[in-house]
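One-letter residues, chain by chain:
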Amino acid sequence: MNSCKTCKVSLEESATIYTDYFQVHGEGAIVYTLCGQCYLKEVKKYLEEVKPLCACGAPEVLYFGDDEEIIDMAIHEGLLNLTCSVIYKGMQEDKYTDEELEELSNHHTIDSMQYIRWYTDEEMGWV
Ligand SMILES: [Zn+2]
Ligand SMILES: [Zn+2]
């Protein structure tokens, strides 16, 4: 049984999130386990501390507005989905067609899908 590093709650494997603080510390960083709620706080902290930016210079924000979806991606795919805040705003307002989004994706981050921990090439199946 795993337990959440932050709140110490016991976690089933199917509810455990493994992260090393979003690869900020690079290869070999310590991987720890989090529950969904603490993970959401960790994501917030990451966005505030590290401030990932889109190529256009605007801050990146969460791609999914729904907490469950964010937690689900972390548990099952080990992914964090971020997007350019400018594009996000436009998307909320339904401003773009699919073609326009496609074109915009050449210059902006749209659903970046970044791994929340470092994987070796072996783990990725690249070797
Ligand atoms: Zn927790
Ligand atoms: Zn952008």
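What comes next concerns the included structure. This one's a predicted model, so the numbers in the text were calculated from it and none came from an experiment.

## Some thoughts on the coordination of the zinc ion (ligand 2)
Consideration 1: Of the protein atoms, only C54 (SG), C56 (SG), C84 (SG) and H108 (ND1) coordinate the zinc ion (ligand 2), at distances of 2.0 to 2.3 Å.
Consideration 2: Metal-centred angles of 105 to 115° between the four donor atoms at the zinc ion (ligand 2) mark the site as tetrahedral.
Consideration 3: The sequence motif formed by the donor residues of the zinc ion (ligand 2) is C-x1-C-x27-C-x23-H.
Consideration 4: Overall, the relative accessible area of 4% leaves C54 in the buried class.
Consideration 5: On the basis of relative accessibility, which here comes to 40%, the residue C56 falls in the partly exposed class.

## A short note on the coordination of the zinc ion (ligand 1)
Consideration 1: Protein-derived coordination of the zinc ion (ligand 1) comes from C4 (SG), C7 (SG), C35 (SG) and C38 (SG), at a distance range of 2.3 Å.
Consideration 2: Viewed at the metal, the four donor atoms of the zinc ion (ligand 1) are separated by angles of 101 to 116°, and the geometry they form is tetrahedral.
Consideration 3: Sequence positions of the donors to the zinc ion (ligand 1) reduce to the motif C-x2-C-x27-C-x2-C. Pair noted here: C4 is in the loop between β1 (2-3) and β2 (10-11) and C38 is in helix α1 (residues 36-50), with a separation of 34 residues, a long-range link.

## Brief notes about the environment of K95
Consideration 1: Residue position: K95 is located in the loop between α3 (85-92) and α4 (98-104).
Consideration 2: On the basis of relative accessible area, K95 is assigned to the exposed category, the value being 54%.
Consideration 3: Those residues in contact with K95 that lie beyond four places of it in its chain are G90 and E100.

Cut-offs applied
Residues numbered from 1 in each chain as written. Chains lettered and ligands numbered in written order. Predicted model: local features only at pLDDT ≥ 70, side-chain atom pairs only at ≥ 80, totals over all residues. Heavy atoms only, no water. Donors = N, O, S within 2.8 Å, 3.2 Å for Na, K, Ca; no water. Tetrahedral: all angles 85-135°; square planar, octahedral: opposite > 155°, others 65-115°. Buried < 20%, exposed > 50% of the residue type's maximum accessible area, 1.4 Å probe, protein only. Helix = DSSP H or I, 4+ residues; strand = E, 2+ residues; numbered from the N terminus. Contact = heavy atoms within 4.5 Å.

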